[in-house]
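Architecture and fold: a report
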Amino acid sequence: MTNILFIKHAAQLITMRGHTERPAKGSAMRELSIIEDGSILSHDGKIVAVGKTAEIQKNYPELIENATEVDATNKIVTPGLIDPHTHLVHAGTRENEYAMRLNGKTYMDIMNAGGGIHATTRATQMAGFAQLYEESRKRLDTFLLHGVTTIEAKSGYGLTTEHEIKQLEVAKKLHEDHAVDVVSTFMGAHAIPVSDKDDPEVFVDKVIHEMLPEVAKRKLAKFNDVFCERGVFTPEQSKRILEAGKKYGLIPKIHADEIEPYGGAEIAAEVSAISADHLLKASEKGIQQMADKEVIGVLLPGTAFFLMAEYAEARKMIDNGVAVALSTDANPGSSPTLSLPFIMNLGCLNMGMTPEEVLIATTINAAHAIDYAQEVGSLEVGKKADITIFNVPNYLTLSYQYGMNHVDTVIKNGCVVVKNRQLVKQQNESKV
Ligand code: NIG
Ligand code: FE
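Structural notes, computed from the coordinates. None of these values were measured; they are calculated from a predicted model.

Thoughts on the packing of helix α7 (residues 161-177) against helix α8 (residues 200-217)
In the contact formed by α7 and α8, the axes pass within 10 Å of each other and the chain directions differ by 30°. In terms of orientation, α7 and α8 fall into the roughly parallel class. Handedness of the α7/α8 crossing: right-handed. Packed against α7, whose contacting residues are T161, E164, I165 and L168, the element α8 presents E210, M211, E214 and V215 at the interface.

Here it is in structure tokens:
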């Protein structure tokens, strides 16, 4: 059965054309390539034409005759949003810690006392596959309702080979079953388990010699990530773990300089990581090295917002040639949100980014941060027909009316998966 989709009369069709080969940097982060009264035609999940509505109607009458039509009058059309940094697969919530923080405790105090990541690790270890799948599937639905068609998802709440693999198996199954594409990252080095606290090297060895080979053998992840932070993994340990992952073909990522300056951005440049994420406290030198080595800065303003911390210096990074992407960091401790559009609002209001830059940062640059830009992130012929339609007349309104969900319709692989703000039941959703 052929599947043809025709979207017509978009007030603004925002294509992000021309950034597929390299992430957008500097002033290129403001080049959206907008078509007014725009139209897009897809066939069997791939984009076949992008242009003015009248032009497409004239050139493709036969395809259009057999197409499902979507009228985007007074609406804007963008590539499906991409979230390049999430902790999607986990069990439980931590609102108790939120209350503790509002009463003066810090994020690291709570973690060092055996809460934080350790609390979610206990809950995730206890949860069976079906429970983890179900909790994570609901979150994925919410991502989709907020216009996201691809996410990255990390392990890191298992902290034993068995439970890390369980988390990654859940992510894999969700990728197969759900409309949203899920790209996996192994993050065994997310915390030192309480039982190894007195001798962290024992755990570093386990990550390198036990977990990494097993994850690679089962082909469960594309990336390898480390939480490089004082009291968690040192820059030296982080480097060792990331270099070890490379030997198995896992591409390095790093949680860098989130709570204090710790040389994480520098390590990212040294190991040629695809991205360094957080960077709230990244040094000037680290930022320059990232620009030189073309490491993408994945910024997570939801975390600064929720931890009531200072924001990453997005303006400085962009002006110094770092390609910036934005993400929710969705997790139960430091950023319990599933709204990437809200993160775009924060990017503008609290990190000095422009409305154009936050759109590039959540589409094509986010695609580059997960090595997926050949297939998604822009509306160009040959790419997947992953498309979000927002019920606003121009893109400025998206970053102006904040904290609201403007998503009207979402298309994944040329199929309508959200219509009139509601999920369309998917055919291939399996039961676990
Ligand atoms: O990216 N900083 C480390 N990891 C997550 C938080 C995980 C958690 O608190 O559960 C982050 O912020
Ligand atoms: Fe994170």
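Focus on the layout of surface pockets
Any space left empty among the atoms is revealed by the rolling of a water-sized probe across them. Its volume calculated, the second largest pocket comes out at about 270 Å³. Lining the second largest pocket we find 17 residues, and of these P23, I274, E294, I296 and H368 sit closest to its centre. A breakdown of the residues in the lining of the second largest pocket according to their chemical character gives seven nonpolar, four polar and six charged.

With respect to empty space enclosed by the protein
Applying the stated rule across the entire model yields three cavities of 30 Å³ or more. Here the largest cavity is characterised by a volume of approximately 80 Å³. In terms of lining, the largest cavity is formed by 14 residues, of which the most central are H87, Y107, H190, N331 and S334.

Looking at the coordination of the iron ion (ligand 2)
With distances of 2.1 to 2.3 Å, the protein atoms coordinating the iron ion (ligand 2) are H85 (NE2), H87 (NE2), H255 (NE2) and D329 (OD). Here the donor residues of the iron ion (ligand 2) share one chain and are spaced in sequence as H-x1-H-x167-H-x73-D. One end of the pair, H255, is in strand β10 (residues 251-256); the other, D329, is in the loop between β13 (324-326) and α14 (340-351), with 74 residues separating them in the sequence. When sorted by exposure, H255 lands in the same class as D329, which is buried.

Describing the pattern of salt bridges
For the structure on display, the rule yields 27 salt bridges. E69 is the salt-bridge partner of K8, the closest N and O atoms lying 2.7 Å from each other. Placement of K8 in strand β1 (residues 4-14) and of E69 in strand β4 (residues 68-71) is noted, with a sequence separation of 61 residues between them. Classification of E69 by relative accessible area gives partly exposed; the value is 39%. Look at the salt bridges and you will find they share partners, linking R30, R315, D319 and E357 into a network.

Description of a nonpolar patch on the surface
Together, Y98, L102 and M308 make up a nonpolar patch on the protein surface, roughly 320 Å² of accessible area in all. Relative to the helices and strands, Y98 is located in helix α3 (residues 95-102). Residue Y98 is classed as partly exposed on the basis of its relative accessible area of 37%.

Notes on the site of ligand 1
Near ligand 1 lie 15 residues; those nearest to it are R94, Y107, Y157, E258 and S334. At 2.6 Å from an oxygen atom of ligand 1 is found a side-chain nitrogen or oxygen belonging to Y157. The separation between an oxygen atom of ligand 1 and a polar side-chain atom of H255 is 3.0 Å. Protein burial of ligand 1: of its 320 Å² of free accessible surface, 100% is covered by the chains. Here ligand 1 occupies the largest cavity. Looking at the shell around ligand 1 residue by residue, the classes come out as four nonpolar, eight polar and three charged.

Details of the pairing of β1
Counting buried positions along β1 gives nine out of 11 residues, so the element sits mostly inside the fold. When β1 meets strand β2 (residues 34-43), the two strands line up antiparallel, connected through eight bridges. Each residue of the ladder has a partner; that of I7, found in β2, is I40. Note that β1 and β4 share four bridges and pair parallel. Paired with I7 across the two strands is V70, which belongs to β4.

Topic: α14
Among the 12 residues that make up α14, 10 are buried, leaving the element largely enclosed by the rest of the structure. All of the buried residues along α14 are L340, P341, F342, I343, M344, N345, L346, G347, C348 and M351. At the exit of α14 stands G352, carrying a positive phi of roughly 70°.

What counts and what doesn't
- Residues numbered from 1 in each chain as written.
- Chains lettered and ligands numbered in written order.
- Predicted model: local features only at pLDDT ≥ 70, side-chain atom pairs only at ≥ 80, totals over all residues.
- Heavy atoms only, no water.
- Axes fitted to C-alpha atoms, helices over the stretch in contact; angles between N-to-C directions.
- Helix = DSSP H or I, 4+ residues; strand = E, 2+ residues; numbered from the N terminus.
- Parallel < 35°, antiparallel > 145°, perpendicular 65-115°, else oblique.
- Left-handed = near helix turned anticlockwise from the far one by under 90°.
- Contact = heavy atoms within 4.5 Å.
- 1 Å grid on protein atoms, 1.4 Å probe; cavity = no way out; pocket = protein on both sides within 12 Å on 5 of 7 lines; lining within 4 Å.
- Points joined across faces, edges and corners; volume = space filled by probe spheres on them.
- Nonpolar A, V, L, I, M, F, W, Y, C, P; charged D, E, K, R; others polar.
- Donors = N, O, S within 2.8 Å, 3.2 Å for Na, K, Ca; no water.
- Buried < 20%, exposed > 50% of the residue type's maximum accessible area, 1.4 Å probe, protein only.
- Salt bridge = Lys/Arg side-chain N within 4 Å of Asp/Glu carboxyl O.
- Patch = residues over 30% accessible without salt bridge, like charges linked within 9 Å, V, L, I, M, F, W, Y side chains within 5 Å.
- Areas by Shrake-Rupley, 256 points an atom, 1.4 Å probe, with all protein chains shown as cover.
- Near = heavy atom within 4 Å.
- Polar contact = N/O pair within 3.5 Å; in protein donor to acceptor, adjacent residues only side chain to side chain.
- Sits in = over half its atoms within 2 Å of the grid points.
- Pairing = 2+ DSSP bridges.

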